[in-house]
Amino acid sequence: MARKRELSSETRQSILVLRNEGYSMREIAKKLKISYNGVYYSLQRTAQTGSNQSRKRSGRPRCTTKQEDKYIRVSSLRNRRLTGPQLASSLNSTRKTPVSTSTVKRRLRDFGLQGRVAKKKPYLRLANKRKRLRWAKEHRHWTEEDWKKVLWTDESKFEVFGSQRRTFVRRRTNEKMLEECLTPSVKHGGGNVMVWGCFGAGKVGDLYRVKGILNKEGYHSILHRHAIPSGQRLIGANFVLQQDNDPKHTSKLCKNYLQQKQAAGILLVMEWPAQSPDLNPIELLWEQLDRMVRQKCPSNQSNLWELLLEAWGAISPAYLNKLTARMPKVCNAVIAANGGFFDESKV
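Since the model is a prediction, treat every value here as computed from it, not as a measurement.

## Quick look at the pairing of strand β1 (residues 150-159)
The element β1 is largely enclosed, with a buried count of 9 among its 10 residues. Sheet analysis places β1 next to strand β4 (residues 239-242), joined by 3 bridges and oriented parallel. Across the sheet, residue V150 finds its bridge partner in β4, namely V240.

Right, dumping it as structure tokens:
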């Protein structure tokens, strides 16, 4: 027999009103087009509880105990890479009645443990964390004007096809393989363009296309022809040069060259902690540049380079100032993380 629909609070109120007016239960059932039993039990419930609302139901009993729920939570926290099926299998080894993977996942969600793709970050040794922490403490009191004196530099690679970011499309169920719903990909990304770039004082400096493998001689040429001229043009004398600890950056050739320029009062070299791309705001600039270029759909390497130059010139000073303005927050976040990685979305 099919389950009957529950009477609403309004219907129960109507039953009570009609009953008080002297109607019989059969007359009420006929008038409201409901069953006699429905009228009878509604009046009985109202007499017992004094309310037209449904009684509270206990609901379906949980198939896991509080101790088992705690085991699921603790196991997941001890090993963040355990999957739902693995946790369910481990729990079922001690139970007579098996628990489903869906139940385990619900328990994890109840504890606020959501399944997410792990972000990729460089491996940090204890020594790296100490250097990052020391750097953050040394620069935590720098003002926005201090940060504008820094020339931020880096290299990055852009591919013609196959951006690392996921692409979302809207499609119907049967349109999965429709051409306009696919992201084209070719071997080796269809070619790529390696660039060196810099920015400082709310302005972009040179953007240089690196052809072939960049070695210490090539980087020395970049320092001489692009980095130092950009720093002097954007910031002026005694600008602060930031660069990471790539071997070609710290080679004897480049190190001696920068020491000579530093002794001449042209620049100051910032000591940079290892494994710290998250501290460099130019990484965010690369992401913005990639988004701008993807909108133009580059067709080949030459076209990609032209679009990169066009987008580089369109970077607004307001956006660059925003990148440097967040640096005090970055320092505080590193200190709060005791030298470890921090949530960049909250800075």
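## Side note on the sheet that holds strand β2 (residues 192-200)
The 5 strands lie next to each other as β3-β2-β1-β4-β5, forming an open sheet whose pairing is mixed. The open sheet terminates on both sides in strands that have one partner only, identified here as β3 (203-210) and β5 (267-269). Strand-to-strand, the axes of this sheet are offset by a mean angle of 25 degrees, without reference to chain direction. Sheet analysis places β1 next to β2, joined by 8 bridges and oriented antiparallel. In the strand pairing of β2, D154 is matched with G197. Relative to the sheet, helix α12 (residues 301-313) contacts β1, β2 and β3, its axis offset from that of β3 by approximately 170 degrees.

## Details of a positive patch on the surface
Residues R60, K105, R106 and R109 make up a contiguous surface patch of positive charge. Position of K105 relative to the elements: it lies in helix α6 (residues 101-110). Residue K105 is classed as partly exposed on the basis of its relative accessible area of 40%.

## As for the pattern of salt bridges
Counted according to the given criterion, the structure contains 12 salt bridges. Residue R294 pairs with D290 through a salt bridge whose shortest N-O separation is 3.3 Å. Of the two residues, R294 and D290 both sit in helix α11 (residues 282-294), 4 residues apart, roughly one turn of that helix. Accessibility expressed as a relative area gives 21% for R294, which makes it partly exposed. Overlapping salt bridges bring together R62, D69 and R107 as one network.

## Some thoughts on unusual backbone geometry
Non-glycine residue A201 carries a positive phi angle of around 55 degrees. With respect to the helices and strands, A201 occurs in the loop between β2 and β3. Here A201 falls in the partly exposed class, since its relative accessible area comes to 26%. Phi is positive for C297, which is not a glycine, with a value near 55 degrees. Along the polypeptide, C297 turns up in the loop between α11 and α12.

## Side note on the UniProt feature "domain: Transposase Tc1-like" (unreviewed entry) in the protein
UniProt marks residues 71-141 with the feature "domain: Transposase Tc1-like" (unreviewed entry), using the numbering shown here. Split by type, residues 71-141 is 58% helix and 0% strand. Its first and last C-alpha atoms lie 45 Å apart.

## Some words on a nonpolar patch on the surface
Taken together, Y36, Y40 and Y41 make up a surface patch of nonpolar side chains, about 300 Å² in accessible area. Inspection of the secondary structure puts Y40 in helix α3 (residues 36-49).

## Concerning the environment of L223
Counting through the fold element by element, L223 comes out in helix α9 (residues 216-234). On the accessibility criterion, L223 (0% relative accessible area) is buried. Setting aside its immediate chain neighbours within four residues, L223 contacts I228, P229, L241, Q243, C254, Y257 and L258.

## Quick notes on the environment of R294
Linking R294 and F161, residues 133 residues apart in sequence, is a C-alpha distance of 8.9 Å. A polar side-chain atom of R294 sits 3.0 Å from the main-chain carbonyl oxygen of V160.

## A few points about the pairing of β3
Here 6 bridges tie β2 to β3, and the two strands are oriented antiparallel to one another. Within β3, the position partnered with M194 by the bridge is V210. Linking two consecutive strands that pair antiparallel, namely β2 and β3, is a turn of 2 residues; a positive phi of about 55 degrees is found at A201 within it.

## Considerations on the packing of α11 against helix α13 (residues 317-325)
For the pair α11 and α13, interaxial distance at closest approach is 10 Å and the crossing angle is 145 degrees. Considering the relative orientation of α11 and α13, their crossing is right-handed. Every residue of α13 that contacts α11 at L284, L285 and Q288 is listed here: Y319, L320 and L323. Looking at the contact of α11 with α13, its residues break down into 5 nonpolar, 1 polar and no charged.

Rules behind the numbers
- Residues numbered from 1 in each chain as written.
- Predicted model: local features only at pLDDT ≥ 70, side-chain atom pairs only at ≥ 80, totals over all residues.
- Heavy atoms only, no water.
- Buried < 20%, exposed > 50% of the residue type's maximum accessible area, 1.4 Å probe, protein only.
- Helix = DSSP H or I, 4+ residues; strand = E, 2+ residues; numbered from the N terminus.
- Pairing = 2+ DSSP bridges.
- Axes fitted to C-alpha atoms, helices over the stretch in contact; angles between N-to-C directions.
- Contact = heavy atoms within 4.5 Å.
- Patch = residues over 30% accessible without salt bridge, like charges linked within 9 Å, V, L, I, M, F, W, Y side chains within 5 Å.
- Areas by Shrake-Rupley, 256 points an atom, 1.4 Å probe, with all protein chains shown as cover.
- Salt bridge = Lys/Arg side-chain N within 4 Å of Asp/Glu carboxyl O.
- Lys, Arg positive; Asp, Glu negative; His and termini not counted.
- Charge placed at Lys NZ, Arg CZ, Asp CG, Glu CD.
- UniProt positions renumbered as here; feature names shortened; annotations may be inferred.
- Polar contact = N/O pair within 3.5 Å; in protein donor to acceptor, adjacent residues only side chain to side chain.
- Left-handed = near helix turned anticlockwise from the far one by under 90°.
- Nonpolar A, V, L, I, M, F, W, Y, C, P; charged D, E, K, R; others polar.

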